[in-house]
Amino acid sequence: MLAALTVLRAGAAPRQLPAATGTTVAVVEFVAVDASAAPDAEAMRARLAASGKRAEDWLAADFAATGHYVPVPAPRVAAALASLGTTSRDCDDVACALRLGRALGVERVVTGRVSKLSNLIWFLYATMVDVPADRALRREEFEIKGNITDLLPRAMLALSRRLVAHDSAASAAAPLQGERLTRDQVLAALRAATPEHPASFVGKDLSGVDLRGVDFKRADLSRSRLVQTNFAGAQLFSTTLTDAVATGADFTGANLDVSVMYRVDLRHAILREASLFAAILTGADLSDADLTRARVIAVLGHAKLVRARLTDANLGADPGNQPMGLMRTDAADTDCTDADFTGANLRKMNLTRAVLTGANLTNADLTGADLTETDLRGIRGRETIRGLDKALHVEQAKFND
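Definitions and limits used
Residues numbered from 1 in each chain as written. Predicted model: local features only at pLDDT ≥ 70, side-chain atom pairs only at ≥ 80, totals over all residues. Heavy atoms only, no water. Core = buried A, V, L, I, M, F, W, Y, C linked by side-chain atoms within 4.5 Å. Buried < 20%, exposed > 50% of the residue type's maximum accessible area, 1.4 Å probe, protein only. Helix = DSSP H or I, 4+ residues; strand = E, 2+ residues; numbered from the N terminus. Contact = heavy atoms within 4.5 Å. Salt bridge = Lys/Arg side-chain N within 4 Å of Asp/Glu carboxyl O. Axes fitted to C-alpha atoms, helices over the stretch in contact; angles between N-to-C directions. Parallel < 35°, antiparallel > 145°, perpendicular 65-115°, else oblique. Left-handed = near helix turned anticlockwise from the far one by under 90°. Nonpolar A, V, L, I, M, F, W, Y, C, P; charged D, E, K, R; others polar. Phe/Tyr/Trp six-rings, centres within 6.5 Å; stacked < 30°, edge-to-face > 60°. Lys NZ or Arg CZ within 6 Å of the ring centre and 35° of its normal. Pairing = 2+ DSSP bridges.

In terms of nonpolar packing, the biggest core is built from 70 residues, with Phe 201, Phe 216, Phe 251, Leu 271 and Phe 341 touching the most fellow members. Mapped by element, the contributors of at least two residues to this core are α7 (183-192), β7 (275-280) and β8 (295-299). Excluding its chain neighbours within four sequence positions, the residues that come into contact with Phe 251 are Phe 231, Ala 232, Leu 236, Ala 246, Leu 256, Leu 266, Ile 270, Leu 271, Arg 272 and Ala 274. Val 27, Trp 122, Met 156 and Leu 163 belong to the second largest nonpolar core, which has 30 residues in total.

Applying the stated rule across the entire model yields 21 salt bridges. For Asp 167, the salt bridge goes to Arg 108, with nearest N and O atoms at 2.9 Å. Of this pair, Asp 167 sits in the loop between α5 (148-165) and α6 (168-172) while Arg 108 sits in strand β4 (residues 108-116), and the two are 59 residues apart along the sequence. Put simply, Arg 138 and Glu 140 hold a salt bridge, and the shortest N to O gap is 3.0 Å. Residue Arg 138 is classed as partly exposed on the basis of its relative accessible area of 26%. Among the charged side chains, a network of salt bridges with common partners joins Arg 54, Glu 56 and Asp 57.

Moving on, we get to the packing of helix α2 (residues 55-65) against α5. One can describe the packing of α2 onto α5 by two numbers: an axis separation of 9 Å at closest approach and a directional angle of 50°. It follows from the interaxial angle that α2 and α5 lie oblique. The way α2 lies across α5 gives a crossing that is right-handed. On α5, the residues touching Ala 55, Trp 58, Leu 59, Asp 62 and Phe 63 of α2 are Leu 152, Pro 153, Met 156, Leu 157, Leu 159, Ser 160, Leu 163 and Val 164. Among the residues forming the contact of α2 with α5, the class breakdown is eleven nonpolar, one polar and one charged.

This part takes up the packing of aromatic side chains. Counted by the stated rule, this structure contains five aromatic pairs. Ring centres 5.1 Å apart and planes at 40° place the aromatic pair Phe 63 and Tyr 69 in the tilted group. What makes Phe 63 buried here is its relative accessible area of 0%. Among the residues examined, Tyr 69 registers a relative accessible area of 0% and is labelled buried. One aromatic cluster is present, formed by Phe 201, Phe 216, Phe 231 and Phe 251 through successive ring pairs. Above the ring of Trp 58, the side-chain terminus of Lys 53 is found at 5.4 Å from the ring centroid.

This brings us to the pairing of strand β5 (residues 121-130). Where burial is concerned, most of β5 is hidden: nine out of the ten residues are buried. Where β4 lies against β5, nine bridges are found, and the strand directions are antiparallel. Residue pairing in the sheet places Val 114 in a bridge with Leu 124 of β5. Linking β4 back to β5 in an antiparallel pair, the connection comprises four residues. Relative to strand β6 (residues 135-145), β5 runs antiparallel, the two sharing ten bridges. Of the residues in β6, the one forming a bridge with Trp 122 is Ile 144. Adjacent in sequence and paired antiparallel, β5 and β6 are bridged by four residues, among which Asp 134 carries a positive phi angle near 60°.

Written out as structure tokens, the structure reads:
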């Protein structure tokens, strides 16, 4: 998923590594690559350094700030690489990361790369390796658009959240606290937050709280309870809602762009006219949710949209981002049984192996959509579907006939 990060200016104040106990992690120096038309490696490194820290140092600080990781000091990582007769540039595969992890006696190793494509377009790659399990745990990659000096701290924070969200050791180390908060307490926590230390509501109970129009400033709401919470018009840009329970919550007109929402429970939630651009909703449950006129460019793999209302929703590929790579909704293996897509824009959407049995596709636009093994049996409005003749792999889709 190439998630475009458009963020506020980052402060230059360095983050401190708090004392913590938890999963040990070695963050290897990120390799910087200038793949632009006029490469200048020295100038590129200077721009990265002007952010206040190296990429790997920002990431190590973000891991430590969760309270669930203990990063190995950078000199120890460098010394271990030297003892193995290699460098960070040559240690970008899983086998080398495993050797390094065993040499250091750590549980996780993270390697990564920052690639410059132009003055305004950069790519960030990272892999977290589970040393005891002898395997790669998670690989993440996304696009950064803008001034890299300003955006690097934010990008590394987003990267840390994505990696942590897939680490079961971190999840096990963060028990659900269940503390119930009031609106005033939420606002106070947000006022006290900084760009380097966003507010954390992990495991808190905000159910039923009126938070209309509130700017959450990239807060972490993982595993929080948000039942029937009012987020209408709220700014939830780049927030984390992994494993949150938000059944019946109201997100009307909310901005959920670049949010990370693995396995979020959004059953019966209201997301009318909400924006979910470059969002991650893998494994999410949006059954009976209302996404009328919502703008969605997201990863929805293995999600549920059973009976969801997507009338006039815009899930089509974003033509404005095509020069930087296809930005489209990926709904592979998603259950959309009986969903209402009346008038929806589904152009170039990936519907591989998705289940749309009984779905209403009246006046929906499927131009360029990938229908590989898509289950379209019992759909309504087939004769009014636009662009079905221009969809991909229609011959592999399952119709009643």
